[in-house]
Structures are given as structure tokens and as C-alpha cells.
Amino acid sequence: MRNNRGLISFVLVAVVVLLNLPLPVSMRVKSSARDSVAGYQNVWHLLVNDLSRTFSAFAGAKKHINQKDELFQQVANLEFRIVQLERFEEQNAELRKQLDFRKASKLELVLCEVVSRGGAGGWWQTITLNKGSEDGIEQNRAVVTRVGLVGTTINVAKNSSEVLLLYDSNCQVACRFSRTGSLGILRGAGMTLRGNPEMEMLLSANSPVVNYVRRDQQLIDGDEVVTSGLGGVYPPGLLVGSMKKLSLDAKELYYCVEIDPAEDMRELQYVFVVKEKSK
Amino acid sequence: MTYLVMGVILIVCTVLQIQMPGYAVLGGAKIPFLLSVCLYYSLTRETGVMLAAAFCAGFLQDSLSEIPLGYSAFLFCLLGWAVSRFRNFVVSESFVTPTFFGGVASLIFTISIYMWLAADGLVSFGAGRLFMRFVGAGFLGMICAPVVFFLTRKLDQLVGNVEFNEEIDVFE
């Protein structure tokens with residue numbers, strides 16, 4: 001009975017302490033807990049995803065052999081291009097030096113695998129990646145694919161990081177229309193229950209909307225939207241999507257532009273986190 | 001041995017809760033595995049063990065989502081304590097008990113955490129989606145709790161925490 005009372009008091013004190021932890025300490029505690037679970041998450045991911053991939057690889061062995069040959073060809077071409085580009089880079093650096101230009105910013109991509117979708121609560125539209133601060137990933141870094149912007153890192157632990165997707169209503173991106181140069185703020189619009197929603201939450205997202213676009217701009221369907229670089233989180237020029245629908249906001253002061261995101265987030269398996277190149 | 005089983009079941013349920021997707025047709029609700037663990041211990045064990053399970057389950061849920069630390073832990077402890085008040089009046093081995101408490105507790109938890117998060121300005125859902133989320137949470141709680149109860153009880157029996165033909169309720 002005495003033990004029981006001790007345990008009750010301990011848990012109650014722990015809850016009070018937990019609720020009153022300062023934010024930096026709370027973030028550190030969360031990171032440690034995430035790291036403890038990251039291993040089990042990876043095991044699950046390995047069991048479920050990699051096994052199914054292995055079976056499908058056996059099923060389509062002939063196709064994969066052909067693909068391998070094609071990839072060899074592509075690698076050879078890309079290696080040749082890299083040699084050319086390195087030469088251009090050297091030339092570029094030399095010319096910049098001669099013209100006394102400010103050093104161009106150096107960005108690097110960290111390849112990460114998506115290990116889970118939606119977090120434990122399901123209130124936010126997030127994905128979890130299998131890499132964290134140990135690989136140089138930091139909070140508030142842009143997350144991209146080969147096609148375009150996906151979201152931003154919000155919580156980074158040692159071996160995992162959480163990404164807030166463009167679809168989430170808490171995600172805001174300063175962006176620009178490439179053709180006209182007009183600026184706006186893109187905001188996620190959450191998920192939809194209208195029409196024919198998919199079973200999984202992340203597959204049923206509403207199109208994000210670019211707000212505060214000036215009314216005197218001549219925008220047309222399919223206009224490309226890229227990050228403007230304002231605000232400092234996202235590097236400029238990352239493709240976000242293309243214009244789908246134009247309307248006026250409630251006060252009829254600005255345009256609200258519905259965007260078709262460049263990346264289809266239904267099948268995200270690998271993404272890149274943008275980080276600054278270490279010296 | 002009780003704490004060993006608790007640890008194992010908490011890890012399994014945490015991984016399952018993260019990996020299972022949120023369901024759009026149910027307002028994005030996730031299957032409440034961790035809440036079900038808390039309910040199992042509140043209906044079958046004494047208050048101290050129940051609070052330890054509720055705290056750990058809540059802590060894990062908060063850590064692995066964007067919910068501020070302590071919110072779920074506090075609500076799980078509160079719900080666990082409230083459910084444990086009925087421990088002497090229900091048969092925890094029955095299928096109906098976890099189904100009922102799973103649904104009700106999941107619904108109450110979802111409403112409470114939404115109000116808390118909304119008050120902090122962290123989430124804001126439309127009425128339709130919110131309604132679907134509440135219904136979904138209750139429904140998933142009704143499905144999940146009996147499964148978690150069954151598996152945890154089997155694990156408890158396997159390691160000898162509970163005799164095979166013995167009732168598990170430990171009355172204070």
C-alpha cells in the first residue's frame with residue numbers, strides 16, 4: 001500500500017513537472033523519446049515495406065534486370081555531365097572572384113526515407129524521416145523531392161525528424177509566381193471530406209492556397225509558383241506547384257490562388273532535406 | 001513482471017499507433033492503441049500501476065506528435081482514474097467492457113485534447129471535420145480496446161502475471 005501511494009505521488013508530480021517544463025527542455029525530452037522509439041519504428045518499416053518490396057522485386061526480376069542496364073547508361077551520362085559541370089563551377093568561381101562577387105550560397109541535400117506518416121496524434125499532417133541532427137538536419141529546413149517542395153522540418157531528434165507537409169494549415173511558405181514575379185503567402189488547407197475522400201488522411205488533402213496576391217497581376221492557369229526566399233526558411237526558386245484556380249479573398253482586396261502541388265505526396269518514400277554545406 | 005509486460009505492450013502499441021495512418025473518412029482519427037493500454041491497466045490493476053501506465057502512454061503519445069508535453073499524460077491519468085472507479089462493478093474479461101470504455105474514453109479524450117489544443121491556438125478544425133473526428137475516435141476506440149485487452153491479457157497469462165482461469169482484477 002505504501003509503495004502504491006509512493007508511485008501515485010511520483011506519477012502526479014511527474015505530470016505536473018511535465019506540464020510546466022520550459023520549451024527548450026521539453027523539446028529535448030521529446031527528442032530523447034523520439035530517438036528511443038526510432039529504432040523500433042525502423043524495424044517495423046523494414047519488416048513491412050522492405051519485405052513487400054523484396055517480394056515485388058522477385059516477381060518482376062526480368063523487368064529489373066532491364067532497368068539496371070538503363071540505369072548504368074544513365075549513371076554514365078550523369079557522370080560525364082558532372083565532370084562538365086565541375087569544370088563550369090570552377091570557371092564560375094574564378095569569374096566571380098575576378099568580378100569580386102559575393103560567394104554564392106552553398107546548399108546540400110540529405111537523402112532521407114519516410115518511415116511513418118501522420119505522427120501519433122493525427123492532428124497535424126506530418127511525415128517522419130529516418131535521419132536527424134546526427135546527419136546535419138536542423139529545424140525549419142526545406143524538404144524537397146526531385147520534383148518540388150514538400151514541407152519543412154519541425155522537430156529534429158538525433159536519428160529522426162518530423163516534417164510538416166505543405167497541406168497542413170499551419171504550414172506557410174513565402175512564394176512567388178515565376179512568370180509575373182507577384183508575391184504571396186502559401187498556406188495549407190488541411191484535408192477534405194467532400195467529394196470522394198481517400199481512406200488515409202494524407203491522401204485526402206485540400207489544395208494549398210496562395211493568399212495576398214495583388215489584384216493587378218495577370219495570372220493564368222498553370223502559372224508556376226516557386227519559393228521567394230523571403231523569411232529565410234526556404235531557399236528561393238524551389239518549385240511549389242502550379243496555379244489551379246483563381247478567386248478573390250473575402251474582402252476582395254487580394255487574389256487567393258489554389259495551387260496544384262508539384263509533388264504528389266501520396267507516394268512519398270524518399271525526400272531530401274536542404275541544409276547548408278559544411279565547410 | 002507486470003512492468004515488463006507493460007513496457008513491451010507500450011512499445012508495440014506506440015509503433016502501431018504511429019505507423020497506422022489517420023483515416024480521412026473518420027476526420028483524421030488515429031487508432032487509440034496507447035489509450036487502450038491505459039484503460040486495460042485501469043480496469044485490471046491497482047491505482048499506482050494504472051497511473052504509471054497512463055503516464056507512460058501519455059508521455060509517448062505527446063513525444064511522438066506535436067502535442068505539447070504533458071497534455072495526453074495528464075488526460076490519460078485523469079481518464080484512467082475515472083475508469084478505475086468502475087473497476088469493482090464491471091467484468092474486465094468481458095468483450096463488452098473494453099468496447100464500451102474504449103469508445104467512451106476515446107471520445108472524451110479527443111474532445112478534451114481538441115479543446116486544449118484549440119485554446120492554445122495549435123489546431124482549428126471545421127465543424128464537419130471535427131464531428132467526424134469525434135465519431136471516428138469513439139468508433140476506433142470501440143474496435144481497438146477489446147483487441148489490446150485480449151492481447152495484453154494473453155501476454156500477462158503467458159508470463160504468469162495472471163493465472164489462466166483466474167480473474168485479473170486486483171481489488172484494493
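Being a predicted model, the structure only gives us computed values, none of them experimental.

Draft legend 1. Representation of the nonpolar core within the structure. Membership of the largest hydrophobic core comes to 101 residues, with the highest contact counts inside it found for A:Trp123, A:Leu149, A:Val210, A:Val257 and B:Tyr41. Apart from the residues lying within four places of it in its own chain, the contact partners of A:Val210 are A:Cys175, A:Phe177, A:Gly184, A:Ile185, A:Leu186, A:Val225, A:Tyr255, A:Cys256, A:Val257 and A:Ile259.

Draft legend 2. Looking closely at the interface of chain B and chain A. In this complex, chain B contributes 52 residues to the contact, which on the side of chain A involves 41 residues. Both sides of the chain B and chain A interface together cover about 4,100 Å² of buried area, and 72% of this is carbon and sulfur. Looking at the side of chain B facing chain A, the largest losses of area belong to B:Gln19, B:Glu66 and B:Leu69, adding up to 17% of the total buried there. The salt bridge involving A:Arg34 is made with B:Glu66; its shortest N-O contact spans 3.7 Å. If you look at where chain B meets chain A, you find nine residue pairs in polar contact (both at pLDDT 80 or more). Of all the secondary structure elements, the ones that give two or more residues to the side of chain B that touches chain A are helix H1 (2-19), helix H3 (47-63), helix H4 (71-84), helix H5 (96-119) and helix H6 (127-159) of chain B. At 11 residues, H3(B) tops the list of elements feeding residues into the side of chain B that touches chain A.

Draft legend 3. Looking closely at unusual backbone geometry. Residues and elements named next belong to chain A. Of note, the phi angle at Asn-140 is positive, near 60°, even though the residue is not glycine. As for its position among the elements, Asn-140 is in the loop between strand E2 (126-129) and strand E3 (142-144). The phi dihedral of Tyr-212 is positive, around 60°, even though this residue is not glycine. Tracing the sequence through the fold places Tyr-212 in strand E8 (residues 209-214). Classification of Tyr-212 as exposed rests on a relative accessible area of 53%.

Draft legend 4. The arrangement of the packing of helix H2 (residues 23-59) of chain A against H3(B) in detail. Closest axis-to-axis distance for the H2(A)/H3(B) pair is 9 Å, and the angle between their directions is 95°. With respect to H3(B), the element H2(A) is oriented roughly perpendicular. In this structure, H2(A) contributes A:Val29, A:Lys30, A:Ala33, A:Arg34 and A:Val37 to the contact, and H3(B) contributes B:Phe59, B:Leu60, B:Asp62 and B:Ser63. Classifying every residue of the contact of H2(A) with H3(B) by side-chain character gives five nonpolar, one polar and three charged.

Draft legend 5. Just the pairing of strand E9 (residues 224-227) of chain A, in detail. Residue and element names in this part refer to chain A. As judged from the three bridges shared by strand E6 (residues 172-177) and E9, these two strands associate in the antiparallel manner. Among the inter-strand pairings, Phe-177 is bridged to a residue of E9, identified as Val-225. By the bridge criterion, three bridges tie E9 to strand E10 (residues 239-248) in an arrangement that is antiparallel. Across the sheet, residue Glu-224 finds its bridge partner in E10, namely Ser-242.

Draft legend 6. Local environment of the packing of aromatic side chains. Under the definition given, this model contains 13 aromatic pairs over all chains. With 5.4 Å between their ring centres and 90° between their planes, B:Tyr40 and B:Phe149 make a pair best called edge-to-face. Of this pair, B:Tyr40 sits in helix H2 (residues 33-44) while B:Phe149 sits in helix H6, placing them 109 residues apart in sequence. The same class applies to B:Tyr40 and to B:Phe149, which are both buried. Between B:Phe100 and B:Phe101, the aromatic rings sit 5.3 Å apart at their centres with planes inclined by 75°, giving edge-to-face as the arrangement. On the accessibility criterion, B:Phe100 (51% relative accessible area) is exposed. Taken together, the ring pairs connect A:Trp123, B:Tyr114, B:Phe125 and B:Phe134 into an aromatic cluster. In this arrangement the basic side chain of B:Arg129 is found over the ring face of B:Phe125, its NZ or CZ atom lying 3.8 Å from the centre. The ring of A:Trp123 carries B:Arg133 above its face, with NZ or CZ at 3.8 Å from the centroid.

Calculation rules
- Residues numbered from 1 in each chain as written.
- Chains lettered and ligands numbered in written order.
- Predicted model: local features only at pLDDT ≥ 70, side-chain atom pairs only at ≥ 80, totals over all residues.
- Heavy atoms only, no water.
- Core = buried A, V, L, I, M, F, W, Y, C linked by side-chain atoms within 4.5 Å.
- Buried < 20%, exposed > 50% of the residue type's maximum accessible area, 1.4 Å probe, protein only.
- Contact = heavy atoms within 4.5 Å.
- Buried area = accessible area lost by both parts, 1.4 Å probe.
- Salt bridge = Lys/Arg side-chain N within 4 Å of Asp/Glu carboxyl O.
- Polar contact = N/O pair within 3.5 Å; in protein donor to acceptor, adjacent residues only side chain to side chain.
- Helix = DSSP H or I, 4+ residues; strand = E, 2+ residues; numbered from the N terminus.
- Axes fitted to C-alpha atoms, helices over the stretch in contact; angles between N-to-C directions.
- Parallel < 35°, antiparallel > 145°, perpendicular 65-115°, else oblique.
- Nonpolar A, V, L, I, M, F, W, Y, C, P; charged D, E, K, R; others polar.
- Pairing = 2+ DSSP bridges.
- Phe/Tyr/Trp six-rings, centres within 6.5 Å; stacked < 30°, edge-to-face > 60°.
- Lys NZ or Arg CZ within 6 Å of the ring centre and 35° of its normal.

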